[in-house]
There are 2 protein chains.
Amino acid sequence: MGMENQAVTSEQTSTAERILEAAEDLFAEKGYSATSLGEVADRVGIRSPSLYNHFKNKEALYQAVLERLLEDFSAPLAELEKGPVNKERVFEWLETIVRQHHANPNLARLLQHAALSGGPHTNELIDRLFSPMFQPGAVIEEGDISLLESTGLQPWAVMAFNNLVMSYVTMAPMYRDLLGQDPFSEEALEKQLNLIKTLLQAVFEYKGAPPGG
Amino acid sequence: MGMENQAVTSEQTSTAERILEAAEDLFAEKGYSATSLGEVADRVGIRSPSLYNHFKNKEALYQAVLERLLEDFSAPLAELEKGPVNKERVFEWLETIVRQHHANPNLARLLQHAALSGGPHTNELIDRLFSPMFQPGAVIEEGDISLLESTGLQPWAVMAFNNLVMSYVTMAPMYRDLLGQDPFSEEALEKQLNLIKTLLQAVFEYKGAPPGG
DNA sequence: GTGGCCAATGTGAATAATCGCGCATCCTGA
DNA sequence: TCAGGATGCGCGATTATTCACATTGGCCAC
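Residues numbered from 1 in each chain as written. Chains lettered and ligands numbered in written order. Predicted model: local features only at pLDDT ≥ 70, side-chain atom pairs only at ≥ 80, totals over all residues. Heavy atoms only, no water.

Draft legend 1. Quick peek at the pattern of salt bridges. Under the counting rule described, the total for this entry stands at 12 salt bridges over all chains. A salt bridge links Arg68 of chain B to Glu24 of chain B; its shortest N-O distance comes to 2.8 Å. Placement of Arg68 of chain B in helix 3 (residues 58-80) and of Glu24 of chain B in helix 1 (residues 15-30) is noted, with a sequence separation of 44 residues between them. With a relative accessible area of 24%, Arg68 of chain B lands in the partly exposed category. Linking Glu190 of chain B and Arg99 of chain B is a salt bridge whose minimum nitrogen-to-oxygen distance equals 3.9 Å. Taken together, the residues span a long stretch of sequence, with Glu190 of chain B in helix 9 (residues 186-205) and Arg99 of chain B in helix 4 (residues 87-103) at a distance of 91 residues. The class of Glu190 of chain B is partly exposed, set by a relative accessible area of 39%. Residue classification places Arg99 of chain B among the partly exposed residues on the basis of a relative accessible area of 35%. One network of salt bridges, with partners in common, ties together Glu95, Arg99, Glu190 and Lys197 of chain A. (Salt bridge = Lys/Arg side-chain N within 4 Å of Asp/Glu carboxyl O. Helix = DSSP H or I, 4+ residues; strand = E, 2+ residues; numbered from the N terminus. Buried < 20%, exposed > 50% of the residue type's maximum accessible area, 1.4 Å probe, protein only.)

So, in structure tokens, the structure goes:
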């Protein structure tokens, strides 16, 4: 498999890698079926049949893109999955995924496309990304958020904060004008982090009952 | 087969309306370019060229779908835009949009598709849906959330709660298994409302400074 | 009523563009 | 020389769209 014959000087990105990058951006932007292999090839600077020298077909290319993204995201999160779950860990975990999605919004976008069209890609994604969060070991046992626990809202809260982070990435382009700044700038990241941490902190400190309807 | 014999008495759904409904579902699910007119026609039970008797072309059909959705959503929200903005109004407004998106998830899905592909549809959507929320008159002036106000986070908070509601709709299919119930059931709606109200309440009651990093 | 007209609405066939993909061939560097 | 990789060509399928045509229902003159 390893064909890296050390062309020592330059870390030349291979054609396969450039294909992956182009395809990742396009799949994330337009979704699977609306992305044409011709457009991918154009971005790489080759003709579309050349893609088949590196990937079996369109579906395989998509899978490879997905695999690469999942690997990048799984690594930092895997560290957090060890050890007890307490407030500090939750803050760390949240900050990590915020920064991850900010650094590369494509996974969130791919995920959103999959969720919308509910295709066969969906199931694999939820298994790989979200199942760990909902495992029994991931329950916060302290009394701080007994409210959420007693009302059975905790998994919903996990899902909510996740959606909060991911939807920032997938919807941010629409807010570019409204917020008056680039949603992916460094300042925007800080503000986003600030808001989410504030929200989480508010949840932790909140002791009252949910407002009745 | 026979067409509608009864002309006036029964409000038989016209062909154009059935086309709109089918197209709405498909555009919401697959997005604009991945939706084929043949599939729309199939759902209505006609051949695709017949669509052109009711809509100029695919783009016009999309615009008509969008117009109908925006009308449905604008009406209930217009009522809330009158009068002073205080905590109670915010709760009402939030509950209204949650129920609206729950009753018809298609607008949120269309919006998400538009945001992802950043096409020409995006700008019109943000103008029609979100601009009102960010107008100067929509600022809460009470001291309750002075924290958000002083840190300039208020528009971000508005955006966050909006994303929270919309992403529930666009991502919920992925959580069907994880949450163990239909995300669009009546109980799920109540839980979703409960969680969001709890979050909002927590924000209102939260007085502390955001956790420093 | 009846015959004829017209507008609305459906249809099949045809077109041009685009798509994923296979294949034979050619180029190039080791 | 040889293999990996890029290419041109082309097939079959799908797409949006057009057009000539068939069928219908309502309406008016008689």
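Draft legend 2. Region of the structure containing the side chain of His102 of chain B. Residue and element names in this part refer to chain B. Within the fold, His102 resides in helix 4. What makes His102 buried here is its relative accessible area of 12%. Of note is the side chain of His102, whose polar atom sits 3.1 Å from the backbone oxygen of Phe184. The contacts of His102, once residues within four sequence positions are left out, are Tyr168, Pro183, Phe184, Ser185 and Leu189. (Polar contact = N/O pair within 3.5 Å; in protein donor to acceptor, adjacent residues only side chain to side chain. Contact = heavy atoms within 4.5 Å.)

Draft legend 3. Up close: the packing of helix 4 of chain B against helix 8 (residues 154-179) of chain B. Residue and element names in this part refer to chain B. Interaxial distance between helix 4 and helix 8 falls to 9 Å at its minimum, and their mutual angle equals 20 degrees. As far as their axial angle goes, helix 8 and helix 4 are roughly parallel. Between helix 4 and helix 8 the crossing geometry is right-handed. Residue-level inspection shows Trp93, Leu94, Ile97, Val98, His101 and His102 of helix 4 in contact with helix 8, the latter providing Phe161, Asn162, Val165, Met166, Tyr168 and Val169. Taken together, the residues that form the contact of helix 4 with helix 8 break down as nine nonpolar, three polar and no charged. (Axes fitted to C-alpha atoms, helices over the stretch in contact; angles between N-to-C directions. Parallel < 35°, antiparallel > 145°, perpendicular 65-115°, else oblique. Left-handed = near helix turned anticlockwise from the far one by under 90°. Nonpolar A, V, L, I, M, F, W, Y, C, P; charged D, E, K, R; others polar.)

Draft legend 4. Spotlight on the interface of chain A and chain B. With 60 residues of chain A in contact, the opposing surface of chain B contributes 59 residues. Summed over both partners, the interface of chain A with chain B buries about 5,400 Å², with 77% contributed by carbon and sulfur atoms. When residues of chain A are sorted by the area they lose upon contact with chain B, Leu116, Trp156 and Met174 of chain A head the list and together hold 15% of the total. On the surface where chain A and chain B come into contact, there are zero salt bridges. If you look at where chain A meets chain B, you find two residue pairs in polar contact (both at pLDDT 80 or more). For the side of chain A that touches chain B, the secondary-structure elements that each account for two or more residues are helix 1 (15-30), helix 5 (106-117), helix 6 (121-129), helix 7 (146-150), helix 8 (154-179) and helix 9 (186-205) of chain A. Taken together, the residues of the side of chain A that touches chain B break down into 36 nonpolar, 18 polar and six charged. (Buried area = accessible area lost by both parts, 1.4 Å probe.)

Draft legend 5. How the structure looks around the protein's contact with DNA strand D. The environment of DNA strand D is made up of 17 residues, and the closest members are Arg47, Ser50, Asn53 and His54 of chain A together with Tyr52 of chain B. The share of sugar and phosphate among atoms of DNA strand D within 4 Å of the protein is 68%. Take His54 of chain A: an N or O atom from its side chain is 2.8 Å from a phosphate oxygen of DNA strand D. In terms of residue class, the surface near DNA strand D is built from six nonpolar, nine polar and two charged. (Near = heavy atom within 4 Å.)

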